[in-house]
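Single-letter residue listing:
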Amino acid sequence: MSLLSQIIQFLFTGLTIGSIYAMVGLGFNIIYNATGIINFAQGEFVMLGGMVMVWLTTAFNLPLPAGFLLSVLIVTCIGAAFERLAIFPLKKPPVLILIIITLAGSIIFKGAAMLLWGKQTYSLPHFSGEEPLHLLGATILPQALWIIGILMAVVALLAFFFNFTIPGKAMRACSVNPVAASLVGINVKRIVLLSFAMSAGIGAAAGIAFTPIVLMEFDRGALLGLKGFCAAVLGGLGNGTGAVIAGLLIGVLESFGAGFISSEYKDAIALGVLLIVLLVRPSGLMGSREAARLKEF
Amino acid sequence: MLILKNINTFYGDIHVLKNVSLHIGQGEIVALIGANGAGKSTLLNTISGIVAPRSGRISCGGSDITGMSADRIVREGISQVPEGRQIFGPLSVLDNLRLGAYCRRGSGAAQRIDDDIALMYEMFPRLHERREQLAGTLSGGEQQMVAIARALMSAPRLLLLDEPSMGLAPMVVSEIFRAIARLRDQHATTVFLVEQNAKMALKYADRGYVIETGKIMFEGSSQYLLENHEVQRAYLGRQKKPIWE
Ligand SMILES: Nc1ncnc2c1ncn2[C@@H]1O[C@H](COP(=O)(O)OP(=O)(O)O)[C@@H](O)[C@H]1O
Ligand SMILES: [Mg+2]
């Protein structure tokens with residue numbers, strides 16, 4: 001394999017996994033912007049997406065598109081239910097307490113997944129076959145293109161939602177100033193519910209698309225969540241564009257690191273990059289004032 | 001229109017509003033005057049449902065609104081222009097106005113909202129010029145106009161204004177007060193106006209209340225308050241130096 005084809009190979013692998021990190025990072029940001037909470041259950045939504053999809057397609061023989069939509073819908077409802085049961089009932093809770101609740105939530109999701117589906121690893125068929133495409137000597141799985149495409153679709157939908165719809169603008173208003181938002185008649189608690197539902201849905205879509213390549217098991221959520229968190233922080237907490245760029249960057253760096261150095265260091269690379277960037281730019285790549293809100297807790 | 005009966009509001013153990021009772025009639029401009037820290041904003045936030053009173057009753061147009069959430073109270077027709085404007089800076093002027101109409105749904109609402117936006121531009125032509133600009137990039141006076149227009153976009157029966165003159169140059173202040181008077185005259189909007197700038201507020205208001213450390217000390221027509229010796233000494237005598245932003 002020539003160096004060029006190697007580079008292309010690693011680049012595509014990196015963009016694929018980076019797309020997953022980016023989607024998890026976007027999920028972190030949506031909830032963070034609406035509530036100031038770092039939702040540590042974010043990675044579990046990815047795991048649940050994959051697992052629910054496996055369950056639906058094997059137990060009920062659902063075709064792929066129906067299974068995809070239904071799985072996203074189910075996990076979206078799980079995210080909404082999580083907010084209603086664990087976050088909503090609290091009156092003016094400190095953000096730190098909320099973060100700990102999401103940590104507890106992640107443990108519960110993981111435990112429930114283990115009880116329901118056991119500890120074995122599951123796979124899903126690729127969306128459109130496993131016949132690789134060839135590009136200058138590199139082999140690219142169609143599933144990789146699906147994953148990158150799903151990220152692009154999510155980004156486009158979010159951009160439309162936040163810039164051209166009233167609920168989207170209301171959500172931005174809540175993140176700018178929740179008190180002022182409630183003074184124009186926005187039900188802030190409902191926006192919080194929506195943010196959890198959306199983040200769960202995006203996580204699920206990522207999980208479903210990712211499972212055919214990497215397989216899925218009950219305890220995959222934590223590491224994916226951590227990488228997504230790195231993407232969110234590296235991009236500047238709360239900044240959607242930042243999360244996408246940072247997620248892709250982490251994915252690509254990991255892939256090149258694994259390819260040219262050693263795959264043992266793969267996970268250390270994301271954290272290493274994060275630490276270095278945060279030392280130089282504490283607010284992240286694209287973050288500014290938003291990151292200052294972290295000082296709230 | 002609005003009646004408060006024996007309202008007591010606390011922040012934790014701090015007793016801020018002490019047995020506050022007041023009423024505001026349909027179509028009136030009523031001023032609330034008091035020094036910094038007297039509890040004026042707390043009173044407005046109690047009416048708006050941002051803070052809940054520990055005891056007392058608030059009713060609006062005959063229905064009891066005590067303890068309702070802030071967004072419900074907007075639906076009841078009470079809209080607040082908060083202290084310090086609190087506009088949505090990263091959103092455009094037009095988006096701020098559209099969000100002001102957030103709770104107006106249903107058939108024909110879209111058309112009426114567009115009509116009201118046109119009305120806001122007529123009242124504040126500068127907002128029309130700057131409609132696509134991010135609200136946070138506007139001058140203080142323009143931001144205050146955004147805040148007032150945003151609050152009016154919910155088509156309120158009662159408008160609560162918290163220190164609209166704060167940090168603004170005298171010319172801009174007059175412009176804003178004239179707009180408030182026009183609202184009452186042309187649109188029969190009831191206005192509850194909180195001000196430290198007592199002279200200005202009483203010039204435009206029909207009646208006023210004076211609040212000191214959470215208690216209503218005086219009430220009466222603007223004329224009466226302007227002539228009351230104690231009010232004169234405390235709030236009108238030597239005007240505090242205006243504080244610029
Ligand atoms: N969120 C809060 N928590 C605790 N105390 C507050 C809070 N807001 C205001 N206060 C206190 O309540 C009193 C009244 O404040 P406020 O209503 O803002 O006065 P004003 O608007 O008349 O200047 C002040 O002593 C202030 O320190
Ligand atoms: Mg005040």
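Structure's up top.
Here's what I pulled together on the structure shown here. Predicted model, so just to flag it, every value in this text is computed and none were measured.

**As for the overall build of chain A**
Counting its regular elements, chain A contains 12 helices and 2 strands. Secondary structure of chain A in N-to-C order comes out as α-α-α-α-β-β-α-α-α-α-α-α-α-α. Over its C-alpha trace chain A gives a radius of gyration of 19 Å, about what one expects of a compact globule, namely 19 Å for 297 residues. Each principal axis of the C-alpha atoms in chain A carries an extent, and together these give about 60 × 50 × 35 Å. Each of the 297 residues in chain A was classed as buried or not, and the buried ones make up 54%. Of the contacts formed within chain A by residues at least 6 apart in sequence, a portion of 75% connects residues at least 24 apart. Approximately 13,000 Å² of chain A is accessible, and the part contributed by carbon and sulfur atoms is 73%. Across chain A, the 16 positively charged side chains and the 11 negatively charged ones have centroids separated by 16 Å.

**Quick word on the coordination of the magnesium ion (ligand 2)**
Residue and element names in this part refer to chain B. Taken together, the protein donors to the magnesium ion (ligand 2) comprise Ser41 (OG) and Glu83 (OE), at separations of 1.9 to 2.0 Å. Residue Ser41 is located in helix 1 (residues 40-48), and its partner Glu83 is located in the loop between strand 6 (78-81) and helix 3 (93-100); the two are separated by 42 residues in the primary sequence. Looking at Glu83, the relative accessible area reads 32%, which means it is partly exposed.

**Thoughts on the sheet that holds strand 5 (residues 63-64) of chain B**
Residues and elements named next belong to chain B. An order of 2-1-4-5 is seen for the 4 strands of this open sheet, with the pairing classed as antiparallel. Either end of the sheet is taken by a strand with one partner, and the two such strands are strand 2 (14-24) and strand 5. Where strand 1 (residues 2-11) meets strand 2, 7 bridges bridge the pair, whose relative direction is antiparallel. Across the sheet, the residue bridging to Phe10 is His15, located in strand 2. Where helix 1 meets the sheet, it contacts strand 1, strand 2 and strand 4 (55-60), and its direction lies at approximately 115° from that of strand 1.

**Details of helix 4 (residues 95-117) of chain A**
All names here are of chain A. Between the first and last C-alpha of helix 4 there are 33 Å, a value that for 23 residues agrees with the 33 Å anticipated at 1.5 Å per step. Residues of helix 4 that are buried: Val95, Leu98, Ile99, Ile101, Thr102, Gly105, Ser106, Phe109, Ala113 and Trp117. On its buried face, helix 4 is in contact with helix 1 (3-35), helix 2 (42-59) and helix 3 (64-87).

Conventions used here
Residues numbered from 1 in each chain as written. Chains lettered and ligands numbered in written order. Predicted model: local features only at pLDDT ≥ 70, side-chain atom pairs only at ≥ 80, totals over all residues. Heavy atoms only, no water. Helix = DSSP H or I, 4+ residues; strand = E, 2+ residues; numbered from the N terminus. Rg over C-alpha atoms; globule rule 2.2 N^0.38 Å. Buried < 20%, exposed > 50% of the residue type's maximum accessible area, 1.4 Å probe, protein only. Contact = heavy atoms within 4.5 Å. Areas by Shrake-Rupley, 256 points an atom, 1.4 Å probe, with all protein chains shown as cover. Lys, Arg positive; Asp, Glu negative; His and termini not counted. Charge placed at Lys NZ, Arg CZ, Asp CG, Glu CD. Donors = N, O, S within 2.8 Å, 3.2 Å for Na, K, Ca; no water. Pairing = 2+ DSSP bridges. Axes fitted to C-alpha atoms, helices over the stretch in contact; angles between N-to-C directions. Expected span 1.5 Å × (residues − 1).

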